[in-house]
Structures are given as C-alpha cells and as structure tokens.
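Spelled out, the chains give:
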Amino acid sequence: MRSADLAAAVRRGDVEAVRDLLEDGEDANARDPADGVPLLCVAVAAYDEPVAEALINAGADPLGPLAGVPGGDPGLPGGDSALTRALDGGCSWMVTRLLPDLVRLDADARADLLARARYWAEADLETELRRRTGAAGPVERGTVRVDLWYSHHERYALGGETVWDGHPGVLTVLEERFRIRTPFDELLARALTRPDRDHQVWSDSVIRLAARLDEETWGAAQELSAHPDRLHRLFAADVLRCLVIGFGGMFARPGSVVHKRAPEVFLPWALEEPDPEVLALVLSGLSEEGDSDGNGGIIEAVGLSYAGHPDPRVRLEVPDTLSAVPARARVPHEKLGVLYTLARDPDPQVRERAARWLARCPAEAPGVTDVLAGLLDDEVRDTRVHAAYGLAQRDDPRCVAAERALRPLDVDGGPDDGLVRAMWRYEERHPEVSEPRTSEPRVSEPGASEPE
C-alpha cells in the first residue's frame, strides 16, 4: 500500500519522499495504518515543520475535528484538530504553518483558539503534562535547537507526551494573525518570561513589534532604551534594530512605515551602554546604516574604540562598523591593525567576521595576504572560505590548494558561491592551474554584489 509508504516517510521525516508520494496522488489526509492518527498530526507531534507544510500544501485539513484519535485534548476550547494539537505543542512556527486563512475561521473559532493559547501561556507545563498523561514520574527536560528557525525552546516530556515552552509566542502569532494589536508592554512581558534573545518566544514578540513599522512602536522602544534593567534595554535594542533593517517587513501590513535613521538612537547609546550583550546589539544596529547619511566616520570611530573590549560579543560587531575602502585606496593604518588583531582573536566567530571584511576589501592593505593565509587552517569553515576567497581576489597562488582543500563547495549561495567564481577568474588568469570545467559559473545580476 502506498499509504503505508507515505506514513513511513512522514514518521521518518523524509520530506522529499513525502512530496514525491503526494505528487503521485497519495492522500494528504491519510491516516497512519498503525493507530489511525492523521499523518498531519504525526508531523505536528514530531515538530516536523517541512513535512507538515508539504501535507498542508497538498490539501491536508488542519481544522478537521478528530474523534477518538489518541493524542489530543478535546476538553480544551477549540476541541481536537491538527491545529489545536500544534497549539498545544507550543511551537509558534508550526501553528503559523497550520493556521488557515481568516475566512475559514468564524469569530467563535478564533475566540476558542485565543482562549486555548492563553490557557497554555499561563499553565505550568509540568502540571499540565501530569494532567494530560496521568503519569507520576519525573518530567524530562531539555533544550531543543531548531536551526531552521534560528531559535530554541525548552522541551518537556512525560508519559509519551511532549510540549515545547513556546506558548506565549503562540498567543502572540495568533493575535497578529487575527489582526489584534497587542500592547507593546504585553509583548515585552511575554518576552521577559523567556529572557533569551535566541528563544522563540522572545523572537515572536520582537518580530511582531518590528512588523508594525510605526511611530508608536519606535517611540515605545526608544523610551525603553533608558530602562535601568538590562533585559528591558536588550529588548528595546532588538526591536529598534529590526525596525531599522526592516526585518519585520515580511510580516508588515501594507501602508505601515517608519523612516528612522539608526544613528539617532544608537550612536549616543553605544557610547554609554555598560552591558556587553546590549552593547553588541546596539553596535549591530548602528552598523546597519553604514555611511548612507554621512555618519560613517563617527560610527567607525565608535566601533574602533571597542576593538579591545573583553567580551567577544562586542568585538564581533567591530568589523561591521568599519567603512569599506575603495580599490586603489589604502586602508588606514589604525583600521588595518585592528582588523589584523581581530583576525587573530581567540574567539572563532570574531576571526570569521574579520576575515570576511578583509577578504572583501579591494583596497591596498600591506600584509593582508599573509594574514588571510594564516586563517586557512581555522577551525571555522566559513573563515577558511573567506581566506581562500581573499587570496584568489588578490591573485595569491595559495588560493589554489586552499580551495581544493575546501571541496566539495556549495554553489547555491553563501561564501562558497563567491569562492567558486573567484577561482574561475583566477584560473582564467592562470590557465596552468585550471582543471576541466563541468559547468559555467552563474552570472550575477548587473550591479549585484559578491555573495558574502
């Protein structure tokens, strides 16, 4: 039975096989032959967003009521469906994938989902798991990192049931989807329940505020930047930075807009902020605008002043505060010395950031090829890629062995793509080191910059 094949593919998380079977006509609403659980619910329980999305795109129904199917909690508002199971699971991204268009949800259904989300946001997760499972043993806890979302959750498991601790964020995304404007202070309070920038609940609050792109949000965040508590200032810096770079724009409503320049808030803040984590984020926000408004020199001076900061998170942001130097110019001695020092920093992320700046710099920089060559054995692969790219750009023959040691290269983006094209150009200048070509390099769009 092909349905058994689809169930097996869903359970093992093989999204390519799932897509292939669905394209061949398998039913997206099929149930697992073993226990009758809809395959969409299987993906939800596994927190497998790609598989769940594939099933949804093929017509799986996230709202269909489930009767007598193990694993749900029909006693809560909203009953039992794949969507309510995703909500119970505490992952906002999964809820977003399963939440249908508003026209399919009437006012009562929206009210039930919000009530259920509030219930979970206020619940003690260990107590809730004991209620649902009837188990009395210890609750297993651990951190779940999901690279796809660049975030993490805390995981709670007991008696075969698992939940993540993202329910305040689930409530946030539901309100946003239902066009409810949650007050700034409420979103701040939710973020502070998970006081970690990498936690999804924090990110959900920041991104939804940044998506508003309005003066009210900017003013509230700027006022918060003077708060005595570091976590409040960290939240303010996160929101303001996202407003400046437009990161929340993917969620923004048509017509919402705010035009603010980063130096207005970040320059004075960078000179006074005592907390390293907040300061790093302030410097990151400050560097986003570069020299577009003539503040490049001031921004660079601030960045250079922190090159010797004891916290690597602060040093990490220094290269991005430094203005680019055009070809045929010479990198100023102080700037070059700072970059060379950062390229030898004990922190690997700092070295990677400095290597990227040096590799992309077309200007005269005495000693730069030896500094880059010194990074060819770095523990971080991207640092080695940057170093090889910089050597190829400067026509240094050490790039040949460096590029071959990095193979296979990913030509679909990232620093590998730039290295591939730099090596093609190098080999055109030095045909004696060229190898048989299997394909032509992709041509960048006119005016496009070299991939980072």
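Since the model is a prediction, treat every value here as computed from it, not as a measurement.

1. Description of the packing of helix α17 (residues 312-321) against helix α18 (residues 333-343)
Between two packed helices, the angle of one axis relative to the other and the distance separating the axes together describe the packing. The interhelical angle for the contact between α17 and α18, taken along N-to-C directions, is 140°, at an axis separation of 11 Å. In terms of axis orientation, α17 runs oblique to α18. For the pair α17 and α18, the sense of crossing is left-handed. Judged by residue contacts, Arg315, Val318 and Pro319 of α17 engage Val338, Leu339 and Leu342 from α18. For the contact of α17 with α18, a count of residues per class yields five nonpolar, no polar and one charged.

2. A short note on the pattern of salt bridges
The tally for this structure, following the rule as stated, stands at 42 salt bridges. Aspartate 73 serves as the salt-bridge partner of arginine 132, at 3.2 Å between the closest nitrogen and oxygen. Remark: aspartate 73 occurs in the loop between α4 (49-57) and α5 (82-89) and arginine 132 occurs in helix α8 (residues 125-133); sequence separation between them is 59 residues. The residue arginine 241 makes a salt bridge to glutamate 288 at a minimum N-O spacing of 3.7 Å. Here the residue arginine 241 occupies a position in helix α13 (residues 230-245), and glutamate 288 occupies one in the loop between α15 (276-287) and α16 (296-305), the gap between them amounting to 47 residues. Residue class for arginine 241 comes out buried when judged on its relative accessible area of 18%. By relative accessible area, which is 39% here, glutamate 288 ends up partly exposed. Among the ionic contacts, a cluster of salt bridges with common partners joins Asp73, Asp88, Arg116, Glu128, Arg131, Arg132 and Glu161.

3. Comments concerning α13
Under the 1.5 Å per step criterion, the end-to-end length of α13 is 22 Å for 16 residues, consistent within 8% with the ideal 22 Å. Among the residues of α13, those classed as buried are His232, Arg233, Leu234, Phe235, Ala236, Ala237, Asp238, Val239, Leu240, Arg241, Cys242 and Leu243. Its buried side turned inward, α13 meets α10 (184-192), α11 (200-210), α12 (215-224), α14 (262-272) and α15. Backbone nitrogen of leucine 231 and a side-chain oxygen of the N-cap are separated by 3.2 Å at the start of α13; the cap is aspartate 229.

4. Points about the nonpolar core
Counting residues in hydrophobic clusters, the biggest one holds 81 residues, and the most contacted among them are Phe235, Trp269 and Leu358. Residue contributions to this core peak at eight residues, all from α13. Once you skip the residues sitting within four places of it in the chain, phenylalanine 235 turns out to touch Phe184, Leu187, Leu188, Ala191, Trp202, Ser205, Val206, Leu209 and Leu224. Core analysis: the second largest hydrophobic core is formed by 56 residues, Val10, Leu21, Ala86 and Trp149 among them.

5. Side note on the packing of α5 against helix α7 (residues 107-122)
Relative to each other, α5 and α7 sit at 25°, their axes nearing to 9 Å. The orientation of α5 with respect to α7, classified from their angle, is roughly parallel. In the crossing of α5 with α7, the sense of the turn from one axis to the other is right-handed. Counting all contacts with α5, which are made through Leu83, Thr84, Leu87 and Asp88, the residues of α7 involved are Leu113, Arg116, Ala117 and Trp120. When its residues are assigned to classes, the contact of α5 with α7 shows five nonpolar, one polar and two charged.

6. A closer look at the packing of aromatic side chains
Scanning the model with the defined rule gives five aromatic pairs in all. Seen in terms of ring centroids, phenylalanine 266 and tryptophan 269 are 6.1 Å apart; in terms of plane orientation they differ by 15°. Their pairing is stacked. Here tryptophan 269 and phenylalanine 266 lie together in helix α14, a separation of three residues that amounts to about one turn. For the pair phenylalanine 266 and tryptophan 269, one class covers both residues: buried. Among the aromatic residues, those joined into a ring-pair cluster are Phe184, Trp202 and Phe235.

7. Re the sheet that holds strand β2 (residues 151-158)
A sheet is described by the order of its strands in space; here three strands give the open sequence β1-β2-β3, paired in antiparallel fashion. The strands lining the two open edges of the sheet, one partner per strand, are β1 (140-146) and β3 (161-164). With direction set aside, neighbouring strand axes in the sheet form an average angle of 30°. Relative to β2, β1 runs antiparallel, the two being bridged by seven bridges. Along β2, the bridge assignment pairs valine 144 with histidine 153.

8. Comments concerning the confidence of the model for the protein
Confidence along the protein averages 90 in pLDDT terms, with 90% of residues attaining 70 or more. The low-confidence segment residues 252-257, where pLDDT is below 50, has 10 contacts with residues more than four positions distant or belonging to other chains. Taken as a whole, residues 443-452 scores under 50 in pLDDT and shows 14 contacts with residues more than four places along the chain or in a different chain.

Calculation rules
- Residues numbered from 1 in each chain as written.
- Predicted model: local features only at pLDDT ≥ 70, side-chain atom pairs only at ≥ 80, totals over all residues.
- Heavy atoms only, no water.
- Axes fitted to C-alpha atoms, helices over the stretch in contact; angles between N-to-C directions.
- Helix = DSSP H or I, 4+ residues; strand = E, 2+ residues; numbered from the N terminus.
- Parallel < 35°, antiparallel > 145°, perpendicular 65-115°, else oblique.
- Left-handed = near helix turned anticlockwise from the far one by under 90°.
- Contact = heavy atoms within 4.5 Å.
- Nonpolar A, V, L, I, M, F, W, Y, C, P; charged D, E, K, R; others polar.
- Salt bridge = Lys/Arg side-chain N within 4 Å of Asp/Glu carboxyl O.
- Buried < 20%, exposed > 50% of the residue type's maximum accessible area, 1.4 Å probe, protein only.
- Expected span 1.5 Å × (residues − 1).
- Polar contact = N/O pair within 3.5 Å; in protein donor to acceptor, adjacent residues only side chain to side chain.
- Core = buried A, V, L, I, M, F, W, Y, C linked by side-chain atoms within 4.5 Å.
- Phe/Tyr/Trp six-rings, centres within 6.5 Å; stacked < 30°, edge-to-face > 60°.
- Pairing = 2+ DSSP bridges.
- pLDDT = per-residue confidence, 0-100.

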